Amino acid sequence: YKRGSADAPVVLAALAARDPQQAARWLESAGNRIAHLPWMGDVLAGTVTKEWARQDPNAALAWASGLPESQRGGALTGVLGTLAASDPNRASELAMELEPGEPRSEVIGQIAAAWAGRSPEEALAWADSLVGGDRDRGLGEALSGWAATSPTDAAAFVEEIPAEQRGNRMIERVAETWARVAPAEAAEWVATQPESEDKTAAMGHVMWNWTVADPEAASMWLAEQPPSASRDNAIGGLAKATFDENPGAAVAWAAAMTGARQREAALEQSVRAWLRRSPDEAREWLSNTEMLSRDEAQRFLDPSKDRPR
């Protein structure tokens, strides 16, 4: 029974791809106990409409609209997520008929991302017309979609918006997408932005990607940047990407952070991990390094001072 519940979405998706009406009848059958499990009905309804909308979006939408409340949200999300790829204007209108909440926010993100692949300016204009979390979600997904095809244009769009009017993650969404293909360019752009939590988070993504692709270039660039919260977060990204191959370098970078709290947290994580992985090597480094104070090093060297995790 438990296995049947877990496998139901996969089996139902295959059935809906061949015969969505039969899949709908199964979901609505009186003896279907799985469909009435908490959250399962919502998931299964979305599975049906996602496949049905590929064949006949009008029929899928009509069926979804008539479902009980426990299934309607998932069904409409399935329809609109699929419809967004072919008719984002219509999908966006229908999305606003959903009740506010995570399902609507999720489908708004799907619509914005799909729309940005066709017309980023339209997608962003629509997302910018929303409010609150819907606006942030829509703008973020639209920017990610635009940055995947034209990161410089997406970046230019962000720069045209006054800093106080930007969404919470606009810089981050452009930068993390851009960094997958051109991390050096993404880093240069992020570095020009005013200090903010958004910039700080963006720099961490960028440096992780850049370090994986070219650790030497990433390290040289980062060493030239002035102290700041975003530089510290960049060091965190570099340290994470470096640790597996060179834990000593990762710890040394963590020690170079200038923010006291972030430095302490990064050292705690990286040094403890190094001590678990290669205790002799880590202890030798701690005994000889000049990058930590003697009190700091001793805290890690003394097992009685090991902090509970």
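Refer to the preceding data block for the structure.
The rules behind these values
Residues numbered from 1 in each chain as written. Predicted model: local features only at pLDDT ≥ 70, side-chain atom pairs only at ≥ 80, totals over all residues. Heavy atoms only, no water. Phe/Tyr/Trp six-rings, centres within 6.5 Å; stacked < 30°, edge-to-face > 60°. Helix = DSSP H or I, 4+ residues; strand = E, 2+ residues; numbered from the N terminus. Buried < 20%, exposed > 50% of the residue type's maximum accessible area, 1.4 Å probe, protein only. Arc of directions from axis to C-beta. Contact = heavy atoms within 4.5 Å. Expected span 1.5 Å × (residues − 1). Axes fitted to C-alpha atoms, helices over the stretch in contact; angles between N-to-C directions. Parallel < 35°, antiparallel > 145°, perpendicular 65-115°, else oblique.

A. The arrangement of the packing of aromatic side chains in detail. With the rule as written, the count across this model stands at 6 aromatic pairs. Residues Trp 115 and Trp 126 carry aromatic rings whose centres are separated by 5.8 Å and whose planes lie at 35° to one another, so their mutual orientation is tilted. Of this pair, Trp 115 sits in helix H7 (residues 102-118) while Trp 126 sits in helix H8 (residues 120-128), and the two are 11 residues apart along the sequence. Overall, the relative accessible area of 11% leaves Trp 126 in the buried class. For the ring pair Trp 178 and Trp 189, a centre distance of 6.0 Å and an interplane angle of 40° mean the geometry is tilted. Of the two residues, Trp 178 sits in helix H11 (residues 170-178) while Trp 189 sits in helix H12 (residues 183-191), which places them 11 residues apart along the sequence. The pair formed by Trp 178 and Trp 189 is uniform in burial state, with each residue classed as buried.

B. Here's a closer look at helix H4 (residues 57-65). Listed as buried for H4 are Ala 60, Leu 61, Trp 63 and Ala 64. Taken down its axis, H4 places every buried residue within 165° of arc, on the same side. Buried positions along H4 lie against helix H2 (20-28), helix H3 (40-55), helix H5 (69-86) and helix H6 (88-95).

C. Quick look at helix H17 (residues 260-277). Under the 1.5 Å per step criterion, the end-to-end length of H17 is 25 Å for 18 residues, consistent within 8% with the ideal 26 Å. If you check which residues of H17 are buried, you get Arg 263, Ala 266, Leu 267, Glu 268, Ser 270, Val 271, Arg 272, Trp 274 and Leu 275.

D. Structural view of the packing of H3 against H4. Relative to each other, H3 and H4 sit at 155°, their axes nearing to 7 Å. It follows from the interaxial angle that H3 and H4 lie roughly antiparallel. Between H3, through Ala 45, Val 48, Thr 49, Trp 52, Ala 53 and Gln 55, and H4, the contact on the second element is made entirely by Pro 57, Ala 59, Ala 60, Trp 63 and Ala 64.

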